[in-house]
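What follows is the residue order along each chain.
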Amino acid sequence: MSIISLIIKREFIAKVRNKSFVVMTFLSPLLFVAIAGFIGYLSSMKAETKRIAIHDETGLFADDFVKQNKKDGEYRYLDLSEIDTKSLKDSIVKENFTGLIIIPKTSNLKDLESRIDFISNNSPSIAFIENTQDVIADKITKLNFEEAKLDTLAIQKAHAEVNIHLAKASGEESLKGLNEIKIGIGGAFGYLIMMFIIIYGNMVMRSVIEEKTNRIIEIIISSVKPFQLMIGKIVGTSLAGLLQFIIWAIIGLGLMFAASAFFGVNVGPTAKIPPGLMHSAQQEFSGTAQMYISELWNLPIASIIIGFVVYFIGGYFLYSSFYAAIGAAVDNQTDSQQFLLPIIMPLILSVYIGFFTVVNDPHGTVAIVFSMIPLTSPIVMLMRIPFGVPWWQIAISVSLLFATFFLVVWFAAKIYRVGILMYGKKPTWKELYRWLKY
């Protein structure tokens, strides 16, 4: 067995036998589901009803606010126009009411648009202010129509509401929000790659620093070349991460099959729902769930999973070379912080480009360019794959990614070779550049 194979085996076994690795491999999916359920529970909790007092001197708007009162509503409006404003303001100070809307009496409605006050101890939410403004604006608009002797009923009937029906070229019905689902899936896989790179890259760096600090490295490199040691650490740790992902993928697919069976959906790449059944089921939750789950199965799942594996390996190899070089150059993790920011910034940039560009134009110039750049392609391309990407673009992207990896490994090995035996000195960017020339 070659020396590199022995190092890979040693690193892989050391990682997978670690108790924290085993526990988090099986506990992480459960924690994710638990956190998602907890967030859903919190969002469904009924908020405390806020009492809003209304002092309407015009007598035109209070009824419109009171009509918005619901049994479980977030706000409850109270018409207290007969009470003077000073007493109402004192009640706000004493927190008897959450807020007070003061609508003064004016000579014309135009002046009223800029003279309405809201008084409270705390700043109100944007949604509340917009709703309040909409209620008053709608009422003033209606009054203006009446003053202009326009038929408000005819205007209301003339108001149109458009609901666009989505369909595919094959004649099948489509669903709204599929693009959001696709970017959500791509974003989740892209975010996983970023987290894997950071977590396992740091594991490589910590491993190098630990061996260097304990002087174990001096014994190891007596029989192993620094380049072989670096490659072994990178590959061994990546295999452990890949194993962890495969276990998570099996658990995730198992949950998806369970959800499909629960809603009675025939899963598979050819699973389809007849247009008539789809249309009639749109009003029911089970039918909607069936449609969305069916559409999920029609996504290029194989391409997404294979793409994740390929870009995970390529992206991890690329960034781990940087992490290994940094670990060899410093004596502790504190000294490594100055070198980590330039590595993490492209990952953060990739996520922002994915969510703000790919979601709007997955086949645009910006999305295509950044899905080709090796430092950003593992995340950006993975966000594009659910939308359908030509094979030649993926081929070019993967080729550039692995070509850059070999180039970076060549440079990182130079830093690793010199820095692995450096002790007690904090390197600078200038010194790292000088090491590249050795």
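Note that residues are indexed from 1 along each chain, following the sequence as it is written. Owing to the predicted nature of the model, reporting of local features is limited to residues with pLDDT of at least 70; listing and counting of side-chain atom pairs is limited to 80 or more, with chain, interface and lining totals taken over all residues. The basis for the side-chain values is all heavy atoms of the structure; hydrogens and waters are excluded.

(A) Focus on the packing of helix α13 (residues 301–329) against helix α14 (residues 333–358). Axis lines are fitted through C-alpha atoms, for helices just across the contact stretch, and the angle between N-to-C directions can take any value from 0 to 180 degrees. Secondary structure follows DSSP: runs of H or I at least 4 residues long count as helices, runs of E at least 2 residues long count as strands, and numbering of each begins at the N terminus. Two elements in contact, α13 and α14, have axes whose closest approach is 10 Å; the angle formed by their N-to-C orientations is 175°. Put simply, α13 runs roughly antiparallel to α14. In this structure, α13 contributes Tyr319, Phe322, Tyr323 and Ile326 to the contact, and α14 contributes Ser336, Phe339, Leu340, Ile343, Ile344, Pro346 and Leu347. Polar here means any residue other than Ala, Val, Leu, Ile, Met, Phe, Trp, Tyr, Cys and Pro, which are nonpolar, and Asp, Glu, Lys and Arg, which are charged; Gly is therefore polar. Residue composition of the contact of α13 with α14, by class: ten nonpolar, one polar and no charged. Note on terminology: angles under 35 degrees are roughly parallel, angles over 145 are roughly antiparallel, angles of 65 to 115 are roughly perpendicular, and the others are oblique. Contacts were defined at the residue level, with two residues in contact if any of their heavy atoms lie within 4.5 Å.

(B) Examining the confidence of the model for the protein more closely. How sure the predictor is of each residue is captured by pLDDT, a score from 0 to 100. Predicted confidence across the protein gives a mean pLDDT of 78, with 82% of residues reaching 70 or more. Scored below 50 in pLDDT, residues 265–274 makes 20 contacts in the model with residues more than four places away or belonging to other chains. Note on residues 276–285: pLDDT is under 50 here. Beyond four places in sequence and across chains, it has eleven contacts.

(C) Highlighting the packing of aromatic side chains. A pair of aromatic rings is counted whenever rings of Phe, Tyr or Trp (Trp by its six-membered ring) have centres within 6.5 Å, and the orientation is called stacked for planes under 30 degrees apart, edge-to-face for over 60 and tilted otherwise. Per the counting criterion, the structure on display carries 13 aromatic pairs. When the centroid spacing of 5.1 Å and the interplanar angle of 35° are considered together, the rings of Phe317 and Phe405 count as tilted. Linking Phe317 in helix α13 with Phe405 in helix α17 (residues 391–419), this pair joins segments that are 88 residues apart in sequence. A ring pair is formed by Phe405 and Phe406, whose centres lie 5.1 Å apart and whose planes are at 50°; its orientation type is tilted. Residue exposure (1.4 Å probe, protein chains only): buried if accessible area is under 20% of the type maximum, exposed if over 50%, otherwise partly exposed. Residue class for Phe405 comes out buried when judged on its relative accessible area of 7%. Residue classification places Phe406 among the exposed positions, given a relative accessible area of 58%. Among the aromatic residues, those joined into a ring-pair cluster are Phe196, Tyr200, Phe308, Phe312, Tyr316, Phe317, Phe405 and Phe406. Over the face of the ring belonging to Tyr75 we find Lys50, whose NZ or CZ atom lies 5.7 Å from the ring centre. For a ring to carry a charge above it, either NZ of a lysine or CZ of an arginine must fall within 6 Å of the ring centroid while also lying within 35 degrees of the normal to the ring plane.

(D) Here's a closer look at the pattern of salt bridges. Whenever a carboxyl oxygen of Asp or Glu lies within 4 Å of a side-chain nitrogen of Lys or Arg, that contact is scored as a salt bridge. By the definition in use, this model includes seven salt bridges. Put simply, Lys139 and Asp64 hold a salt bridge, and the shortest N to O gap is 3.8 Å. Of this pair, Lys139 sits in helix α6 (residues 126–147) while Asp64 sits in helix α3 (residues 62–66), placing them 75 residues apart in sequence. It is possible to trace a salt-bridge network through shared partners that takes in Arg10, Glu11, Lys15 and Lys233.

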